[in-house]
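So the chains spell out like this:
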Amino acid sequence: MERPFPPRSLFLAPMVELSHKPLRILAREFGGLDIACTEMASASLFLSGSADELWYLDPEPEPERTMLQFYTMRGRTGPLLEALERCADLGVMGADINFGCAAPRISRAGGGVAWLEDPSGAWSLVAEARRVWPKLLSAKLRIGTEEDYPRLRDFCLGLVDAGLDFLSLHPRLSDEKFRRKSRWDFVAKLAADLSVPVVGNGDVRSYADYRERVENYSPAGIMIGREAARRPWIFALIRGREARADFSLEIDLLATAERMLDLLEEHIPPKHRLERARRFFAYYSDNFTFAHHIKWRLQNAPDLGAMRASLKSYLAEVPGDRKKTFSD
Ligand SMILES: Cc1cc2nc3c(=O)[nH]c(=O)nc-3n(C[C@H](O)[C@H](O)[C@H](O)COP(=O)(O)O)c2cc1C
């Protein structure tokens, strides 16, 4: 079977309030990002015409290298199928079904990880989605409620039989949030046991992490989440280092932050701008020497203009933080 993407492709993870168009534009401007995912959207809300879901699913830039991410609840497969039919003409690379979200709001209502308790329901969902959706179809998962590899493998084998093209695994248990380290040995086992590509995800924060995962666990691709908000140039850095051991990137941290603020103003509806800016800067602030200090100032800024002013005054106080060179 033809592989849906080149070996070791770099993915931007789907992340609510983070994997929006501004972050995807910024990461693509730096380069190195192969495939991006949108923020997660509710299939039912999308169908009911929710304006929010419509812009969550805006696949620009580069729709042909963007996956839409949907969630739907157990017992409610119809909305996903209809949503997929409506998205057929968006020109996107494909659609991803969320079987991994552990947020109580979603999982208690029967979405995300709750599907792992209903394997035959999940297999039917994928089989029906396959029938209506001609593009790539993937799923994103966590391990489940316990470290039971045979159970996870059987769940995934069923998804593949039902017509899934690839899957991404964030190898943590359902209730772990980000506690403990991700268990990449589960990625390696699934990659060996499934006939479709398995993308590994979790705790990749540097080129060294990327190399270690590629060498030890043979994922078909590497998906990066939080580090893409901390350092949107991480994909460019990984590709650069792969090509040349002495590669480094000099980043203007103020210009990059201002670019993100411009993009948020341009592409995000006013009522959602501030929360998305705060979410982004909660990670991005780690680049600064006095990270807690600037993070606190940015989290408490009342609007994006005040954020700009805070960044400028911080960098006037700590001018050495403005430009930094990254090699890992
Ligand atoms: C703020 C935030 C929102 C997230 N939202 C989603 C989501 O909507 N769908 C999803 O499949 N995973 C979601 N995730 C999980 C990430 O896609 C990813 O699996 C996780 O962050 C581990 O990767 P990382 O260590 O590279 O961050 C979210 C993570 C974060 C931090």
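These numbers were taken from a predicted model, which means no experiment stands behind them. (Residues numbered from 1 in each chain as written. Predicted model: local features only at pLDDT ≥ 70, side-chain atom pairs only at ≥ 80, totals over all residues. Heavy atoms only, no water.)

Draft legend 1. Inspection of the overall build of the chain at higher detail. Within the chain, the regular secondary structure consists of 15 helices and 10 strands. At 20 Å, the chain has a C-alpha radius of gyration in line with the 20 Å of a compact globule built from 328 residues. Overall, the chain is about 60 × 45 × 35 Å in size when its C-alpha atoms are taken along their principal axes. Considering the chain as a whole, with its 328 residues, one finds that 59% of them fall into the buried category. Of the contacts formed within the chain by residues at least 6 apart in sequence, a portion of 71% connects residues at least 24 apart. Taken as a whole, the chain presents about 13,400 Å² of accessible surface, with 50% of it coming from carbon and sulfur. Looking at the chain, you have 47 positive and 47 negative side-chain charges, and the mean spots of the two groups are 3 Å apart. (Helix = DSSP H or I, 4+ residues; strand = E, 2+ residues; numbered from the N terminus. Rg over C-alpha atoms; globule rule 2.2 N^0.38 Å. Buried < 20%, exposed > 50% of the residue type's maximum accessible area, 1.4 Å probe, protein only. Contact = heavy atoms within 4.5 Å. Areas by Shrake-Rupley, 256 points an atom, 1.4 Å probe, with all protein chains shown as cover. Lys, Arg positive; Asp, Glu negative; His and termini not counted. Charge placed at Lys NZ, Arg CZ, Asp CG, Glu CD.)

Draft legend 2. Geometry of the pairing of strand 8 (residues 221–224). Residues G221 and M223 point to one face of strand 8 and I222 and I224 to the other, with burial holding for every one of them. Relative to strand 8, strand 1 (residues 9–12) runs parallel, the two being bridged by four bridges. Across the sheet, residue F11 finds its bridge partner in strand 8, namely M223. Where strand 7 (residues 198–201) and strand 8 come together, three bridges link them in parallel fashion. (Pairing = 2+ DSSP bridges.)

Draft legend 3. Inspection of the site of the ligand at higher detail. Among the 19 residues in the neighbourhood of the ligand, the closest are listed as P14, N201, D203, G225 and R226. H170 has a polar side-chain atom sitting 3.4 Å from an oxygen atom of the ligand. For the ligand, the protein covers 91% of the area, taking 610 Å² as the surface of the free molecule. Of the residues belonging to the shell around the ligand, the class tally is nine nonpolar, six polar and four charged. (Near = heavy atom within 4 Å. Polar contact = N/O pair within 3.5 Å; in protein donor to acceptor, adjacent residues only side chain to side chain. Nonpolar A, V, L, I, M, F, W, Y, C, P; charged D, E, K, R; others polar.)

Draft legend 4. Main features of the nonpolar core. F70, F99 and L141 are the most contacted members of the largest nonpolar core, which totals 112 residues. Residues Y71, M73, C101 and I106 belong to the second largest nonpolar core, which totals five residues. (Core = buried A, V, L, I, M, F, W, Y, C linked by side-chain atoms within 4.5 Å.)

Draft legend 5. Quick peek at the sheet that holds strand 5 (residues 136–144). Strand order in the closed barrel formed by eight strands is 1-2-3-4-5-6-7-8, with parallel pairing between adjacent strands. Each strand of the sheet is rotated relative to its neighbour by a mean of 25 degrees, with strand direction disregarded. Lying over the sheet, helix 4 (residues 78–87) contacts strand 3 (66–71) and strand 4 (94–99), oriented at roughly 155 degrees with respect to strand 3. (Axes fitted to C-alpha atoms, helices over the stretch in contact; angles between N-to-C directions.)

Draft legend 6. Region of interest: the pattern of salt bridges. According to the stated counting rule, one finds 35 salt bridges in the structure shown. Where R74 meets D118, a salt bridge forms, and the shortest distance between an N and an O atom there is 3.8 Å. Separated by 44 residues along the polypeptide, R74 in the loop between strand 3 and helix 4 and D118 in the loop between helix 5 (104–107) and helix 6 (119–132) bring together distant segments of the chain. Note on R74: relative accessible area 35%, which makes it partly exposed. In this structure, the salt-bridge partner of R308 is D262, at a minimum N-O distance of 2.9 Å. With R308 in helix 15 (residues 304–317) and D262 in helix 12 (residues 253–267), the pair connects residues that are 46 residues apart, well separated along the chain. Bridged by salt links that share partners, the residues R205, E227, R230, R231, D286 and K295 form one connected network. (Salt bridge = Lys/Arg side-chain N within 4 Å of Asp/Glu carboxyl O.)

Draft legend 7. A look at the domain arrangement of the chain. If you check the domain split of the chain, you get domain 1 (9–243) and domain 2 (249–326). Computed from C-alpha atoms alone, the centre-to-centre distance between domain 1 and domain 2 is 27 Å. Here domain 1 meets domain 2 over a buried area of about 2,100 Å², counting both sides, of which 70% is carbon and sulfur. Sorting the residues of domain 1 by area buried against domain 2 places E17, W55 and W233 first, and these three jointly supply 29% of that buried surface. Where domain 1 packs against domain 2, one counts four salt bridges. R276 is the salt-bridge partner of E39, the closest N and O atoms lying 2.9 Å from each other. Our count for the contact surface shared by domain 1 and domain 2 stands at six residue pairs in polar contact (both at pLDDT 80 or more). (Domains from an automatic or database assignment. Buried area = accessible area lost by both parts, 1.4 Å probe.)

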